[in-house]
Amino acid sequence: MNSYANYIETIIEHEPENKLLEASALYSQSFSTIPEMTYYKTLERMCKKGILVHLTKGLYYRPKNTRFGTVPISEKDIVDHYIKDNQGIKMDPVKRTR
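Note that this is a predicted model, so its numbers are computed, not measured.

Enquirer: What should I look at first to understand the pattern of salt bridges in this one?
Expert: Any two side chains of opposite charge can pair, so long as their charged atoms come close to each other. In the structure shown here, the tally under the stated rule is five salt bridges. Notably, a salt bridge pairs Lys41 with Glu44, separated by 3.4 Å at the nearest N-O pair. Of this pair, Lys41 and Glu44 both sit in helix H3 (residues 36–49), three residues apart, which is roughly one turn of that helix. What makes Lys41 partly exposed here is its relative accessible area of 35%. Three or more residues are tied together by salt bridges with common partners; here these are Lys41, Glu44 and Lys48.

Laid out in structure tokens, this is it:
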């Protein structure tokens, strides 16, 4: 099982810094031969080590580290991810109670 984790870490560490990674798409593309539970547990451990940052459900990025500290991903990159292909974001209206 450790070799699975090493393989996952090696592939993800070759991804560009501050690029959003969709966990499910990355799994289908590169890790479909690895048990899914192992894959997601490895992502969780990578977040605890600081190799990955968990942004929201199923969305991660590899932070850019400089001598001044960690550079977070830009808000523009996050918004662009959600509005690519003119799909937009579906939001439920908020019910107001008085």
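Enquirer: Help me understand the sheet that holds strand S2 (residues 53–56), please; the structure alone is not making it clear to me.
Expert: The pairing of strands in a sheet happens through backbone hydrogen bonds and is either parallel or antiparallel. Across the sheet, three strands lie side by side as S1-S3-S2; this open sheet has antiparallel pairing. What marks the edges here is a single partner per strand, and that holds for strand S1 (20–22) and S2. Neighbour to neighbour, the strand axes of the sheet diverge by 35° on average, direction disregarded. With three bridges joining them, S2 and strand S3 (residues 59–61) adopt antiparallel strand pairing. When the bridges of S3 are listed, His54 appears paired with Tyr60. Where helix H2 (residues 23–30) meets the sheet, it contacts S1 and S3, and its direction lies at approximately 70° from that of S1.

Cut-offs applied
Per chain, the residues get numbers from 1 upward, laid out in the order the sequence is written. Local features in a predicted model are, by the rule used here, given only for residues with pLDDT of at least 70; side-chain atom pairs are given and counted only at 80 or more, and totals for whole chains, interfaces and linings are based on all residues. Hydrogens and water molecules were not included; the side-chain quantities draw on all heavy atoms of the structure. What counts as a salt bridge is simple: a side-chain nitrogen of Lys or Arg found within 4 Å of a carboxyl oxygen of Asp or Glu. The way it works is that DSSP assigns letters per residue, a run of H or I at least four long becomes a helix, a run of E at least two long becomes a strand, and they are numbered from the N terminus. Burial here depends on accessible area, computed with a 1.4 Å probe over protein chains only, as a share of the maximum for the residue type. Under 20% is buried, over 50% is exposed, and the range in between is partly exposed. The pairing criterion is simple: DSSP has to find at least two bridges between the two strands. To define axes, lines are fitted to C-alpha atoms, for helices over the stretch in contact only, and angles between the resulting N-to-C directions are given on a 0 to 180 degree scale. By definition in these notes, contact holds between two residues if any of their heavy atoms fall within 4.5 Å.

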